[in-house]
Amino acid sequence: MANFNPTLSIYLTEILSSPVELSEQREEDLKRISQYISGKLLEKKKISMVFICTHNSRRSHMGQVWAQVWAEYFGISAVSTYSGGTEATAFHLNAVAAMGKSGLEFSSDGPAVNPHFQVSWNEEGPQVSGIFSKKFSHEVNPQKDFIAIMVCADADEACPFVPGAESRVAIPYDDPKAFDGTSEEADKYEERSIQIARELAWMYQQVRRS
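A quick note: this is a predicted structure, and the numbers were derived from the prediction, not measured.

> Quick rundown of the overall build of the chain? Include the residues and the values.
What the chain contains, in helices and strands, is six helices and seven strands. Reading the chain from its N terminus to its C terminus gives the helix and strand order α-α-β-α-β-α-β-β-β-β-α-β-α. For the chain, whose C-alpha radius of gyration is 16 Å, the value lies close to the compact-globule estimate of 17 Å for 210 residues. By principal-axis analysis of the C-alpha atoms, the chain measures approximately 45 × 40 × 35 Å.

Here is the structure:
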């Protein structure tokens, strides 16, 4: 297992020990992602995963980061994760704060309209760099041979076809943006981060079983 800091190690253990309630359709969709990964591993090829939502500000970044964390946890070094949107805005600070409660450590290049973040999970960090809001077609993302994972219904509807993608799977999540400025804001962002972390952990466990 990867060298995670103590806070994150405890958090990941708790995630794995928590029950995951999935609908039959959700299981099927997550298994499609696991099968894509398993197929690439059998072919000894690299695995590129691009998480896509409308603004690339919340759910897609959560997906990108958690997918990379779990790949490290399960020792699948061939995985590289990315994110993008149908338009670019900024990585929302509420999403950063929610994931930061896990023990992940985020830093940025300073105040900007669209700052670039990096994330670390041990003293050797950063482990993931160049996290910022962008269109899914941005040059830093793979242009071919990747799986497109649609994490919001609007992006799923707007992008029935993602150029260059070998596979496309929709696993939409409710947008915590709906609670911005309310007393439930922090709780809802954390709830969404935990949900994404749990479901992606379950997905990687299917890879191990295969």
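> Provide a residue-level description of the packing of helix H3 (residues 59-73) against helix H6 (residues 185-209), including the pertinent values.
One can describe the packing of H3 onto H6 by two numbers: an axis separation of 9 Å at closest approach and a directional angle of 40°. On the basis of the axis angle, H3 is oblique to H6. H6 is crossed by H3, and the crossing has right-handed handedness. Judged by residue contacts, Arg59, Met62, Gly63, Trp66, Ala67, Trp70 and Ala71 of H3 engage Tyr189, Arg192, Ser193, Ile196, Ala197, Leu200, Ala201 and Tyr204 from H6. Its residues assigned to classes, the contact of H3 with H6 shows 11 nonpolar, two polar and two charged.

> If you had to explain the nonpolar core to someone new, which residues and values would you point to?
Within the largest apolar cluster, 64 residues are counted, with the highest numbers of intra-cluster contacts made by Ile33, Met49, Trp66, Trp70, Leu104 and Tyr204. Sorting elements by how many residues they give to this core places H6 first, with nine residues. Not counting residues within four places of it along the chain, the set of residues in contact with Leu104 comprises Leu8, Val65, Trp66, Val69, Met99, Val119, Ser120 and Trp121.

> Give a detailed account of the pairing of strand S1 (residues 47-53), specifying residues and quantitative values.
Strand residues, when the strand is regular, have side chains that alternate between the two faces of the sheet. The element S1 is largely enclosed, with a buried count of seven among its seven residues. Taking every second residue as pointing to the same face, both faces of S1 are buried, with Ile47, Met49, Phe51 and Cys53 on one and Ser48, Val50 and Ile52 on the other. Pairing of S1 with strand S2 (residues 79-85) involves seven bridges; the strand directions are parallel. Bridging across to S2, Val50 finds its partner in Tyr82. Taken together, S1, H3 and S2 form a β-α-β motif whose crossover is right-handed. Bridging between S1 and strand S6 (residues 146-150) involves four bridges; their strand directions are parallel. Among the inter-strand pairings, Phe51 is bridged to a residue of S6, identified as Ile149.

What counts and what doesn't
Residues numbered from 1 in each chain as written. Predicted model: local features only at pLDDT ≥ 70, side-chain atom pairs only at ≥ 80, totals over all residues. Heavy atoms only, no water. Helix = DSSP H or I, 4+ residues; strand = E, 2+ residues; numbered from the N terminus. Rg over C-alpha atoms; globule rule 2.2 N^0.38 Å. Axes fitted to C-alpha atoms, helices over the stretch in contact; angles between N-to-C directions. Parallel < 35°, antiparallel > 145°, perpendicular 65-115°, else oblique. Left-handed = near helix turned anticlockwise from the far one by under 90°. Contact = heavy atoms within 4.5 Å. Nonpolar A, V, L, I, M, F, W, Y, C, P; charged D, E, K, R; others polar. Core = buried A, V, L, I, M, F, W, Y, C linked by side-chain atoms within 4.5 Å. Buried < 20%, exposed > 50% of the residue type's maximum accessible area, 1.4 Å probe, protein only. Pairing = 2+ DSSP bridges. Right-handed = clockwise from strand over helix to strand, strands pointing away.

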